[in-house]
Amino acid sequence: MYSELTEQLRVRDQQGLRRYRQVVESPQASHITMDGRDYLAFSSNDYLGLANHPDLIQAACEGAQQYGVGAGASHLIHGHSAAHHNLEDALAQFTGFPGALLFSTGYMANIGVVTALAGREDVIFADKLNHASLNDAALLSRAKFIRYPHLDLAALEQHLAGAAARRKLVITDAVFSMEGDIAPIRQLVALCEKYHALLLLDDAHGFGVLGQQGRGSLFLPDGNTVHSPHIVYMATLGKAAGVFGAFVAAQMEVIETLIQTARSYIYTTATPPLLSHALLTSLKRIEQDEWRREALMRNIQQLQQGLQSSPWKLLPSGTPIQPLLAGQSDEAVRISQALRERGILVPAIRPPTVPQGTARLRISLSAAHQPQDIMRLTQALHELAL
Ligand SMILES: *Cc1c(COP(=O)(O)O)cnc(C)c1O
């Protein structure tokens, strides 16, 4: 009955592409216990070190006491609790939009937004290196789907100028998840305004990390903020925010449309309210703990300086995603394995997740890493380059 599946799995195995899950026994932190062994981990998106923060744990317990464990129903059928509602208000205010709407995950938020805003008569323009959830969303929407070369605004403008669709939607990661580089947000917004397009900005890796008080990629390093009614902003709450979930912030017309028509919002149980309750505390830590972002930036600098005199090349990135170029897949796997033997976890990322010939180690840094942690990694990499 399953001989075809068995054969496909065997081929995957043979090509070295079979993936395995490892069992983590400790909380998520810079040091984790996995399969009984301690590791120094550079593999999580817990950029601010909040996933195991005592204040958040306490807030989650309080939330459970106040609201119970399960939401019991979807948001439109009496599952929308005061905890969800308060968090939406706080997120709208924090990101500077008229309204915000919670989704269970970032994957579901992207599916919901894109399918609610684009259909058969519409066209979607997407950066080639966008996250898989944005690609899946575009395919599911049945809109015409045009992918432009990574960050190529001239190509995007050509497509926008030539498009005759009911609605045009540009979708892009704000911080690219395998590159760590940042989309030119100001120019993207200008293009969308010029050609009457909407811009869906996926800030999964920017929210909490970038911008003053961690307000995200729309809050530029020069102190200016990008505002436009053309922007539909999405960010996740399971990365820097340390908990789980996602939200969309936008004009009220967009938020109301999502409530009425986003299928991944409507046809699913609301997340446990205790998570929203914990996220209110997380938001406070994000806003107030400037020292976490400062520690993170110091760690980024220390890594870059530590590898300067080595043969390894980091891709140009000012964010906590620091990809180290290996080239061929087997080389990436070799380095990752050798680090692992030294008790250091850095995942190897291979095609088709990244373009051919650009296999890499995806180093993710956290405010929770100590200077000696970064030193251990750079020293191990120096040894492996010999
Ligand atoms: C992680 C991620 C998502 C998905 O978010 P989840 O909450 O984990 O489902 C979406 N977009 C980008 C760019 C991501 O990195």
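Values in this document were obtained by computation on a predicted structure and should not be read as measured data. The residue count restarts for each chain, going from 1 along the sequence in the order it is written. Reporting of local features is limited, given that this is a predicted model, to residues whose pLDDT is at least 70; pairs of side-chain atoms are given and counted only at 80 or more, and all residues count toward the totals for whole chains, interfaces and linings. The side-chain figures draw on all heavy atoms in the structure; neither hydrogens nor water molecules are used.

Caption draft 1: Geometry of the nonpolar core. The biggest cluster of nonpolar side chains holds 79 residues, and the ones touching the most others in it are Val170, Phe207, Tyr233, Phe247 and Leu339. By size, the runner-up hydrophobic cluster in this structure holds 31 residues, among which are Val113, Ile171, Met234 and Val248. Residues belong to one nonpolar core when they are buried, are Ala, Val, Leu, Ile, Met, Phe, Trp, Tyr or Cys, and are joined through side-chain atoms within 4.5 Å. Residue burial is assigned from relative accessible area. The probe radius is 1.4 Å, only protein chains are included, and a residue is buried under 20% of its type maximum, exposed over 50%, and partly exposed in between.

Caption draft 2: Inspection of helix H1 (residues 3-14) at higher detail. Put simply, DSSP H or I for four residues or longer makes a helix, DSSP E for two residues or longer makes a strand, and each gets a number counted from the N terminus. For a helix, the expected span equals 1.5 Å multiplied by the residue count minus one. If you check H1, its first and last C-alpha atoms are 16 Å apart, about what 12 residues at 1.5 Å a residue would give, namely 16 Å. At the C-terminal side of H1, Gly16 shows a positive phi close to 70°.

Caption draft 3: View of the site of the ligand. Within the structure, the ligand sits among 14 residues, and Gly106, Tyr107, Asp202, His205 and Lys239 are positioned closest to it. Polar contact criterion, stated in full: a pair of N or O atoms within 3.5 Å, where within protein one must be able to donate a hydrogen and the other to accept it, and residues adjacent in sequence count only if both atoms are side-chain atoms. Here Asp202 contributes a side-chain N or O atom positioned 2.6 Å from a nitrogen atom of the ligand. Between the ligand and Lys239 there is a distance of 2.5 Å, counted from an oxygen atom to a side-chain nitrogen or oxygen. A total of 380 Å² of accessible area belongs to the ligand in isolation, and the protein chains cover 82% of it. Counting residues per element, the shell around the ligand draws most heavily on helix H5 (residues 106-117), at 3 residues. Note on residue classes: Ala, Val, Leu, Ile, Met, Phe, Trp, Tyr, Cys and Pro are nonpolar, Asp, Glu, Lys and Arg are charged, and everything else, Gly too, is polar. Classifying every residue of the shell around the ligand gives 2 nonpolar, 9 polar and 3 charged. The cutoff for a nearby residue is simple: one of its non-hydrogen atoms must lie within 4 Å of the molecule or strand. In these tables, accessible area is a Shrake-Rupley quantity obtained with a 1.4 Å probe, and a residue counts as shielded only by the protein chains included in the view.

Caption draft 4: How the structure looks around helix H8 (residues 185-194). Where H8 is concerned, the buried positions are Ile185, Leu188, Val189, Leu191 and Cys192. Angularly, the buried residues of H8 cover 160° about the axis, an arc narrow enough to put them on a single face. What makes two residues a contact is simply this: any of their non-hydrogen atoms within 4.5 Å. Taken together, the buried residues of H8 touch strand S5 (144-148), helix H7 (153-162), strand S6 (168-173), strand S7 (197-202) and strand S8 (231-236). After H8 finishes, the residue His196 shows a positive phi value of roughly 55°. By arc we mean the arc of the directions from the helix axis to the C-beta atoms, nothing more.

Caption draft 5: Representation of a nonpolar patch on the surface within the structure. Patch membership needs two things, relative accessible area over 30% and no salt bridge, and members are linked within 9 Å if like-charged or within 5 Å if nonpolar (Val, Leu, Ile, Met, Phe, Trp, Tyr). Every case where a carboxyl oxygen of Asp or Glu lies within 4 Å of a side-chain nitrogen of Lys or Arg is listed as a salt bridge. Residues Met1, Tyr2 and Leu5 make up a contiguous nonpolar surface patch of roughly 430 Å² in combined accessible area. Residue placement: Leu5 occurs in helix H1.

Function-wise, these values are silent; they only describe arrangement.
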